[in-house]
Amino acid sequence: MSSADTYDVVIVGGGLGGMLSAVVLAKEGMKVCLLERDKQVGGCLQTFSLHKKVFDSCVHYIGGLGKGHTLHQIFRYAGIMDKLELKAYDENGFDRIAFGDEDILYPQAIGKENFIEQLLSCFPAERQALEEYMKAITTVGDSFPLYRLRHGSADEKAAVSNWGLTKTLQGLTSNKKLQNVLLGNNLLYAGEAGKTPFYLHALVLESYIHSSHKVYPGSSQIAKFLWKELQAHGGEVHRNTEVTKLNEEQGIITHAETKDGQRFYGKQFIAAVHPEILLDMVDSDMLRPAYRKRIKALQQTVSTFMLNMVLKPGTVPMRNYNIYWNASEDAFAAVNYTANQWPANYAAFFTADETNPGYAESISVLSYMHYEEVAKWTDTLNRAGAEHERGNNYITFKEQKTELLLQKLYERLPELKGNIAAHTSATPLTYRDYTGTPAGSLYGILKDVNKPAETTIATRTKIPNLLMTGQNVNLHGVLGVSITAIATCAELLGMEYLLGKMKQEHHL
Ligand SMILES: Cc1cc2nc3c(=O)[nH]c(=O)nc-3n(C[C@H](O)[C@H](O)[C@H](O)COP(=O)(O)OP(=O)(O)OC[C@H]3O[C@@H](n4cnc5c(N)ncnc54)[C@H](O)[C@@H]3O)c2cc1C
């Protein structure tokens, strides 16, 4: 295109962050163009099928989609809430936490009162601690204005941002088991002892305790409906369009340049990709070497191995909850596993078989995996549109890991044995290649309560018409990325105005 066809906003990256920002801005009358490297839009919202069964590549369940929560309001404003088919999880335990070979499954339940009541059956002496815990996560939620769709001040956040997760839980109860049950699903935020801020845990957990849903038949529905909304408001989506350069001239970005030489001119640009990818695109000295060095040196959250299994019909009873298993009594230990101790944890997600009530049709299992385990295949690339085999050694590696994980799963789910009709697996390389996230990291940059300034990425950059959004800014996950998209769009539309519009539609 020529510079005469300038867009109001050019967005790089068609994951949830980019797509939701695009919809919000197009809805407010801007001429928006979204550039996505992949054949599919959605990034982490993508799904795939195996034996005609739909599998989520990342997002298995979402917190805060129930009425009255922020995510519900954001998705309603974006025009997609009523279109999503949701399946609710078990009220008395959406997640169940397990340790080692202990039989007990500790429930994390929906509803603040119910959460306390259900856990009291395992920890009868801990009512006060559980009530204090609930109060603490509510206080933190209230202190993040945008989490409640309020226009507040940064000071509110600052007052609770320096609480460490480990220390806060230790302050609430001396019962180690309860501390670890509360941390038992820390795969949701890739927590690390002594580093993870309490707010990260609180904002994520509060949303799931409010409401936990699976999008049926898969999370790609979110991307599909956002895309439709975008088109309805005149926005454009260009797939198979990898941006290689954001050109800076006289202090502003003029255009995005793609791998195949196309140029997209815009007044404003939003990077909805990992900050490291953005830095490689912008060779302007407005982004100072010290800033570049700091970003490149940041620790990323751990990656994961994923095993997806299609089950023989009518063999494995459905669980309407997820199982989070930790090999150690210490729920933070898994992230520091050594290769010969693998798997050190897993999260198992079940999908109901609609034709066989009471049974599961498939199971997906995630288990932390360090990128180092697959580093010898770093130079390979395999994703839709760029398919290249990584070689037989890699296939053998995946088979060995699959077998180790299965052996561990059989201990708790013996009915799985002999009843897997087909399976497939993914490694940190798969995530790296599909999302562009360095080292296939689960949630991007690791938030460290000891280094708040260094590990917090702002929506604004030093280049006035270049903004950022996505999971590395503020908070990850469907809820976190959606809130961040609102924060990014507010930079262009005004926070008061945007929140006003969202509330107005809410009352219609
Ligand atoms: C294994 C896994 C499980 C998860 N499970 C859950 C869950 O159950 N619930 C939940 O709420 N959250 C979950 N998350 C987190 C959630 O999926 C993410 O935080 C969120 O979807 C990230 O959205 P995003 O837009 O920031 O990034 P992404 O989805 O990564 O999107 C980035 C997009 O940018 C594109 N891109 C990259 N480089 C370029 C380029 N040069 N040019 C153009 N496009 C480019 C990529 O192709 C991609 O589409 C999970 C994440 C992972 C990895």
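Residues numbered from 1 in each chain as written. Predicted model: local features only at pLDDT ≥ 70, side-chain atom pairs only at ≥ 80, totals over all residues.

1. Things to note about the overall build of the chain
Then step 1. Counting its secondary structure elements, the chain contains 16 helices and 19 strands.
Then step 2. Here the C-alpha atoms of the chain give a radius of gyration of 22 Å, agreeing with the 23 Å that 2.2 N^0.38 yields for 508 residues.
Then step 3. Here the C-alpha coordinates of the chain stretch approximately 65 × 55 × 45 Å along the principal axes.
Then step 4. Here the chain holds 508 residues, and the buried ones make up 49% of them.
Then step 5. Put simply, of all contacts in the chain between residues at least 6 apart along the chain, 71% involve residues at least 24 apart. (Helix = DSSP H or I, 4+ residues; strand = E, 2+ residues; numbered from the N terminus. Rg over C-alpha atoms; globule rule 2.2 N^0.38 Å. Buried ≥ 20, exposed ≤ 12 C-beta atoms within 10 Å, placed from the backbone. Contact = placed C-beta atoms within 7 Å.)

2. Re the site of the ligand
Then step 1. Within the structure, the ligand sits among 38 residues, and Gly-13, Gly-15, Gly-43, Cys-44 and Gly-470 are positioned closest to it.
Then step 2. Elements supplying a minimum of two residues to the shell around the ligand: α1 (16–27), α13 (428–435) and α15 (477–493).
Then step 3. Across the shell around the ligand, the residue classes tally to 19 nonpolar, 15 polar and four charged.
Then step 4. Here the shell around the ligand gathers at least three residues from each of two domains, domain 1 (7–59 + 219–297 + 450–507) and domain 3 (302–440). (Near = placed C-beta within 6 Å. Nonpolar A, V, L, I, M, F, W, Y, C, P; charged D, E, K, R; others polar. Domains from an automatic or database assignment.)

3. Things to note about the packing of helix α3 (residues 112–120) against helix α4 (residues 127–143)
Then step 1. Packing of α3 against α4 brings their axes to within 10 Å, and their N-to-C directions diverge by 150 degrees. In this view, α3 runs roughly antiparallel relative to α4, as classed from their interaxial angle. Between α3 and α4 lies a crossing of right-handed hand. In contact with Lys-112, Phe-115, Ile-116, Leu-119 and Leu-120 of α3, α4 contributes Arg-127, Leu-130, Glu-131 and Met-134.
Then step 2. Taken together, the residues that form the contact of α3 with α4 break down as six nonpolar, no polar and three charged. (Axes fitted to C-alpha atoms, helices over the stretch in contact; angles between N-to-C directions. Parallel < 35°, antiparallel > 145°, perpendicular 65-115°, else oblique. Left-handed = near helix turned anticlockwise from the far one by under 90°.)

4. Comments concerning the domain arrangement of the chain
Then step 1. Domain assignment breaks the chain into domain 1 (7–59 + 219–297 + 450–507), domain 2 (108–211) and domain 3 (302–440).
Then step 2. Listed per partner, the contact involves 12 residues of domain 1 and 10 residues of domain 2.
Then step 3. For the side of domain 1 that touches domain 2, the secondary-structure elements that each account for two or more residues are α15 and α16 (495–507).
Then step 4. In terms of residue count, α15 provides more of the side of domain 1 that touches domain 2 than any other element does, five residues in total.
Then step 5. Here the residues of the side of domain 1 that touches domain 2 sort into nine nonpolar, two polar and one charged.

5. Topic: the sheet that holds strand β5 (residues 62–63)
Then step 1. Pairing is antiparallel across the open sheet formed by three strands, whose spatial order is β5-β9-β6. At either end of the open sheet lies a strand with only one pairing partner, and these are β5 and β6 (85–88).
Then step 2. As defined by bridge partners, β6 adjoins strand β9 (residues 212–216) across four bridges and the pair is classed as antiparallel. Of the residues in β9, the one forming a bridge with Leu-86 is Val-215. (Pairing = 2+ DSSP bridges.)

6. Thoughts on the sheet that holds strand β16 (residues 345–352)
Then step 1. Reading across from one edge, β8-β7-β15-β16-β17-β14-β18 is the order of the seven strands in this open sheet, with mixed pairing throughout. Only two strands of the sheet have a single neighbouring strand rather than two, namely β8 (106–108) and β18 (420–426). Across the sheet, the axes of successive neighbouring strands diverge by a mean angle of 20 degrees, strand direction being ignored.
Then step 2. Those strands touched by helix α12 (residues 392–412) are β7 (95–99), β14 (303–311), β15 (322–326), β16, β17 (360–369) and β18, and its axis lies near 125 degrees from that of β18.

7. Structural notes on the pairing of strand β2 (residues 32–35)
Then step 1. Burial along β2 is two-sided: the residues Val-32 and Leu-34 and Cys-33 and Leu-35 are all buried.
Then step 2. Judged from the four bridges that link them, strand β1 (residues 7–12) and β2 form a sheet pairing that is parallel. Looking at β2, one finds that Ile-11 is bridged to Leu-34.
Then step 3. Crossover connection from β1 via α1 to parallel β2: handedness right-handed.
Then step 4. Note that β2 and strand β10 (residues 236–238) share three bridges and pair parallel. Opposite Cys-33, over in β10, you have Glu-236 as the bridge partner. (Right-handed = clockwise from strand over helix to strand, strands pointing away.)

8. Here we look at the nonpolar core
Nonpolar side chains tend to gather and get buried jointly when the protein is soluble and globular.
Then step 1. Residues Ile-11, Met-19, Val-32, Leu-226 and Val-365 are the most contacted members of the largest nonpolar core, which totals 142 residues.
Then step 2. Of all the elements, helix α8 (residues 198–210) adds the most residues to this core, at nine residues.
Then step 3. Leaving out residues up to four positions away in the same chain, Val-365 has contacts with Met-306, Leu-307, Tyr-346, Ala-347, Ala-348, Leu-405 and Leu-409. (Core = buried A, V, L, I, M, F, W, Y, C linked by C-beta atoms within 7 Å.)

9. Side note on the environment of Glu-454
Then step 1. Checked against the element boundaries, Glu-454 lands in helix α14 (residues 452–455).
Then step 2. Of the residues examined, Glu-454 has 13 C-beta atoms within 10 Å and is grouped as partly exposed.
Then step 3. When the C-alpha positions of Glu-454 and Asn-240 are compared, they lie 33 Å apart, and in sequence the two are 214 residues distant.

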